[in-house]
Structure formats: structure tokens, C-alpha cells
Amino acid sequence: MRIAVLGTGGIGGYFGGRLAASGHDVTFVARGPHLEAIREHGLVVRSVAGDFTVQPAQATDDLTSIGPVDAVLLAVKTWQLPPVLEKLPALVAPHTAVITVQNGVEAPDQVAAAVGRGAVLPGIAKIFAHVDGPGQVAHVGGPASLALDGWSATPGAPSERVTRLREAVTASGAASPVPDDIWAELWSKMLFVVPFGGLGAALDATIGELRSRPSSRLLLEDAMREVEALARARGIRLPARVVEGTMAFVDDQPADATTSLQRDLLEGRPSELDAWTGAVVRLGAESGVDVPLHRLLLEVLTSRHPVAPPR
């Protein structure tokens, strides 16, 4: 398949690199020293599952130069979406699949507004990976899985396009689990990352500190229940004991873990605060569900960390 990877960071670099190494025609969109290093030395992936290098690697900073492709792995962060969506139609033909892997739940709708709902495959990437220098990606743990499905998929009856993409991901050496309900999966992930990210940033605390102090542990559970109430009000079929299950997951994580939101805010970089906590507040108002803890977190974090201009 011809594949364009928009955002050659930890997610795009790892999964796109696997697909390229397994024989697919992959073009990576990157910029600056990262782009130059990929062009000159290939894309180097150091992974707990085995190191590999894509060389030569096709890379560009102009996605409009690629032309229509079979699949787009849209791996930019949420705050990077607007300028990318302006140019995204240049990659999309009637058969093209655009896989969204952004945190939060609003990206599929935003992408659909640019290229049509029929092109969008909501996806969930589960991996701990990051750029580890120009042209280098480090995969340090996690399932290394990329789940995806059609917008209104019937369980157990994937489209030919979805099946082909899942098979390509699996054949590349990554995992592509079949979700029972992609929207429930997206909201379940949001129920974990948004409360953890918001409270972790507000309290400057690791996940170990949040879960071990009775007061902050209760706040974490309360924030999760706000997201649960919002999801159910919007018709999302979450598991019956989703908060209890998520807290058990929290207890299994490395004690020093933090979220990208927390790290970005503390280091003065553009962050996904609007797509995480901001989305809960927005959708809560839209759905008539009060989310007081998230409203407070948004107010505190917005005033403490003014929005940094994108670089």
C-alpha cells in the first residue's frame, strides 16, 4: 500500500517504520533536523521488540507533494491538526483511509469535516514511544498496538479496507486488536488520560503520588466519574465498572509515570489541554452534564500555563 505518515513522532515513527520495513510504500512527513536526518541516514527505531532502520526512507515537509495514497496515519498532536487539515484533501482519493490516533474524542469529527466521514477510521495507539534525537525513535514499552475500525462498524463484520489495514499492521510486527466498540475504547482511554493528565499537571504529581495519597486518589476517581457520566449521556456504551477497572490499571502503572500533557505544560510547550480537559468541559456543557472538577482544572491550568505559541 501507499501510506503517508503525518507526524513522524513516537507513534507515527514506530508504526510507520514497521509498515515501511515490511515492504509498504511509506512517506514520512517531518520537519527540521528530524527530516534531514531521516533523509540522510534513514529512520532509526530502537525498540524493546527489536531495533530496525528504514533506509532509504522517503520523507518530506510538504504533504501536498505526495499525492493520493491508500492510507494516511494521522499522528500529529491535536493542536497541530488545523493547518494539516487544510492540506489533507490532497492525499485523499475515494478509497483512502485516514486513521486518527489523537488523544481525546473530537479528532475524528474534525478530520471528517475536512475529508468526509467515509474516509475516517477512528484509531487508538497504545505504545510508549518518543523521538530520541533527529531521525531516531525510541519504543520503550507498552502493547505497541494500533486498533482501528470503521465509523459505524458492525462488530465482527469489518470492511475489506479495515481488514487489509489490520493485516498490514499485524504483518509488520505490531499488533492490531479488534475492538468491540471503537467509540467505547476511545472514551475509555479518555477516562484514564484526561483525569490523570489534568490532576497530575495541577498537583505536579506522578501517577504513583496521585494513587497513594487518599485525597488525590479520591479526586482521580471523581474526575473519572465525571467523564463516565458524560460518555453515558452521549450514548457511549462503556463497561459497567469502567472506573474500578481503570483504577486497577492505574495501580499497575510505573509509579514515576506522567502524561505528555503534564510534561508539555511544565516545560512551556504547546499542549493538548484544550483537547483533553477542555473537551470534557465543552462536551459537558453541550450535553447538559456538569463536570465541576474538570471546569476547575481547566481554569487552574489555563491561568497557570498561558498557551504557548506553536513552534
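Figured I'd write up the structure that's included with this text. (Residues numbered from 1 in each chain as written. Predicted model: local features only at pLDDT ≥ 70, side-chain atom pairs only at ≥ 80, totals over all residues. Heavy atoms only, no water.)

## Side note on the sheet that holds strand β2 (residues 25-29)
- With mixed pairing, the nine strands of this open sheet are ordered in space as β4-β3-β9-β8-β7-β6-β1-β2-β5. What marks the edges here is a single partner per strand, and that holds for β4 (52-54) and β5 (58-60). Strand-to-strand twist in this sheet, taken as the mean axis angle between neighbours without regard to direction, amounts to 35°.
- The pairing of strand β6 (residues 69-74) with strand β7 (residues 92-100) spans five bridges and is parallel. (Pairing = 2+ DSSP bridges. Helix = DSSP H or I, 4+ residues; strand = E, 2+ residues; numbered from the N terminus. Axes fitted to C-alpha atoms, helices over the stretch in contact; angles between N-to-C directions.)

## Regarding unusual backbone geometry
- Residues Q55 and P56 are joined by a peptide bond in cis, for which omega reads 0°.
- Secondary-structure assignment places P56 in the loop between β4 and β5.
- The residue A144 is not glycine, and still its phi comes out positive at about 55°.
- Despite not being glycine, D204 has its phi angle at roughly 50°, a positive value.
- If you trace the backbone, D204 turns up in the loop between α6 (182-203) and α7 (207-212).

## Observations regarding the packing of α6 against helix α9 (residues 242-252)
- Look at α6 against α9: their axes get within 10 Å of each other, and the N-to-C directions meet at 55°. It follows that α6 is oblique to α9 by the angle criterion. α6 and α9 meet at a crossing whose hand is right-handed. For the pair α6 and α9, contact is made by S188, L191 and F192 and by V242, V243, T246, F249 and V250, respectively.
- When the residues that make up the contact of α6 with α9 are grouped by side-chain class, the tally is six nonpolar, two polar and no charged. (Parallel < 35°, antiparallel > 145°, perpendicular 65-115°, else oblique. Left-handed = near helix turned anticlockwise from the far one by under 90°. Contact = heavy atoms within 4.5 Å. Nonpolar A, V, L, I, M, F, W, Y, C, P; charged D, E, K, R; others polar.)

## Digging into the environment of G118
- Here G118 is to be found in the loop between α4 (107-115) and β8 (120-131).
- With 184 residues separating them along the chain, G118 and T302 place their C-alpha atoms 35 Å apart.

## Observations regarding the packing of helix α11 (residues 277-287) against helix α12 (residues 292-304)
- At a minimum axis distance of 9 Å, the contact between α11 and α12 shows a crossing angle of 135°. When the axis of α11 is compared with that of α12, the two are oblique. For the pair α11 and α12, the crossing hand works out as left-handed. In contact with T277, G278, V280 and V281 of α11, α12 contributes H294, R295, L297 and L298.
- Considered class by class, the residues forming the contact of α11 with α12 number four nonpolar, three polar and one charged.

## With respect to the environment of D264
- Of note, D264 is situated in helix α10 (residues 260-266).
- D264 gets classed as buried once you look at its relative accessible area, which sits at 6%.
- When the C-alpha atoms of D264 and V280 are compared, they prove to be 19 Å apart, with 16 residues separating the residues in sequence.
- Once residues within four sequence positions are removed from consideration, D264 is found in contact with K77, R269, P270 and S271. (Buried < 20%, exposed > 50% of the residue type's maximum accessible area, 1.4 Å probe, protein only.)

Remember that the coordinates give geometry; whether it matters functionally is a separate question.
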